[in-house]
Each structure stands twice: as C-alpha cells, then as structure tokens.
Amino acid sequence: MRMLLVEDEKKVSDLVARALRAERYAVDVAADGQAGWDMAEAYDYDLIILDLMLPGLPGEELLKRIRRKSQQVPILVLTARDATEAKVANFEAGADDYLTKPFAFAELVMRVKALLRRGPVARASVLKVADLEVDRFTQQVRRAGRRIELTPKEYALLEYLAASPGRVFSRTMIIEHVWDQSFEGLTNIVDVYVRHLRAKIDDPFAVKLIRTVRGVGYGLATEQNS
Ligand code: CA
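Source: prediction; values computed, not measured. (Residues numbered from 1 in each chain as written. Predicted model: local features only at pLDDT ≥ 70, side-chain atom pairs only at ≥ 80, totals over all residues. Heavy atoms only, no water.)

### Examining unusual backbone geometry
And then number 1: Omega for the peptide link from lysine 101 to proline 102 comes to -5°, which places this bond in the cis form.
And then number 2: Counting through the fold element by element, proline 102 comes out in the loop between strand 5 (97-100) and helix 5 (105-118).
And then number 3: One non-glycine residue with positive phi stands out, namely arginine 24, at about 70°.
And then number 4: Residue placement: arginine 24 occurs in the loop between helix 1 (10-21) and strand 2 (26-30).
And then number 5: Residue class for arginine 24 comes out exposed when judged on its relative accessible area of 72%.
And then number 6: Here the phi dihedral of alanine 144 falls at roughly 50°; this positive angle occurs in a residue that is not glycine.
And then number 7: By relative accessible area, which is 54% here, alanine 144 ends up exposed. (Helix = DSSP H or I, 4+ residues; strand = E, 2+ residues; numbered from the N terminus. Buried < 20%, exposed > 50% of the residue type's maximum accessible area, 1.4 Å probe, protein only.)

Shown next, in the form of structure tokens:
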C-alpha cells in the first residue's frame, strides 16, 4: 500500500510518516499543496492524508482537485480546525475521514487501516443513464454532452430517479425523498415536476428516458434496462 502525506509541518510529517512506515506502508511526503497535487496527479495512491492548512495550494482546493481526478482514493483530512461547518464542507468535497490536531499516532494508524479495509469507495459522483449524466458533486446535468439547466427541485427529482435506473418509484416515495416535511402542496406535484423534467431532458431527444408506469409511478430507464 502506497500513500501520500501532504503536510507542511516537518515535525508532524516526519512523525506521521514514521508511524505509517512502521506499519509497512510506503509513504510519499509532499510539503506544500502544489507538490501534493503534482504527486497525486502522477501516482495512483491507495490513500491520501491531507493537511488543510498548506502553503501554496490550500488543502481545500487540493481535496477538490484530487476528488475530481479520482473518485476512489480514500482521503483522510488533518486539521487544527474543529468547526463543524468546515468539516461538513470537506466531507461534501470528498473527504472520507477527519482527524483534528493534535492527534495520537495510534489513532491515525487505526483510521488509516479502517479506510484501507473499506477499500475503494464506489462513490459514483456522476450518475449515468444512457447519454444522461448527473454530477452529484457539481449538480450539473448533461445529456449527449449538452448542459441542461434545472431548478433545484427538478434536479433533486432527477438525481433521485437516476440513482436507481430501471426502478419505478411511487409518487409517495418520490415526495418523501425529494420534498421535505414542510411540504403541503398539491398531490399532483410529482406529475407537475415530471412534466417539467420531461420537457428539458426528454423532449429535445429521440430516446425518452423518463417512464410512466400507470398506477405505479415513475422511473428513469434506457430501453435495455426498462
Ligand atoms: Ca499545515
């Protein structure tokens, strides 16, 4: 197992690298954000440990870039910050685990092992159904390479259907997952939004992806998996 450690504080990186090498892991060390990116781009690491406070390229930016390059590699973030907001932002950007400084090396090693045991995560940030692409990270939707602008609710509905192609969802299921508890709207809200979605993602194209199953509900499918 080969890992990349991006950490500018030499004392910390020396100690972390030593603790990991004692566990027989191969460890490359980068001392700033740019060096970290160069190495992450050049090698397919089994795991990346990333300090957020870095000179050059900020850790947050590096995290996003690494995630864009690889959906699979587990990323453990190190930081002095303990703000929940920052944590949430970084988990959204693709961190798999978090360790707040100062930490015990035993805990770091334990978390590294847990992440490696989990293996490559099938994060599937981009859902694909035929020529439709739904990027859950950027929330951008494309069909046949063409960008399609959706409202937030249209997007949420499409993402929900696209996560399980071929499956048919009842209107009740869709309302429960796409709308929240404050929803007290029309009972035909799902039909209304499906109509909006159809106009944008199906009408301009020859192959229709949104299926209506009479008396049951809606689903997203290609001809092969319908
Ligand atoms: Ca630092």
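### A closer look at the packing of helix 1 against helix 5
And then number 1: One can describe the packing of helix 1 onto helix 5 by two numbers: an axis separation of 10 Å at closest approach and a directional angle of 55°. Judged by the inter-axis angle, helix 1 sits oblique to helix 5. Both helix 1 and helix 5 take part in a crossing whose hand is right-handed. On helix 5, the residues touching Leu15, Val16, Ala19 and Leu20 of helix 1 are Phe105, Leu108, Val109 and Val112.
And then number 2: For the contact of helix 1 with helix 5, the class distribution of residues is eight nonpolar, no polar and no charged. (Axes fitted to C-alpha atoms, helices over the stretch in contact; angles between N-to-C directions. Parallel < 35°, antiparallel > 145°, perpendicular 65-115°, else oblique. Left-handed = near helix turned anticlockwise from the far one by under 90°. Contact = heavy atoms within 4.5 Å. Nonpolar A, V, L, I, M, F, W, Y, C, P; charged D, E, K, R; others polar.)

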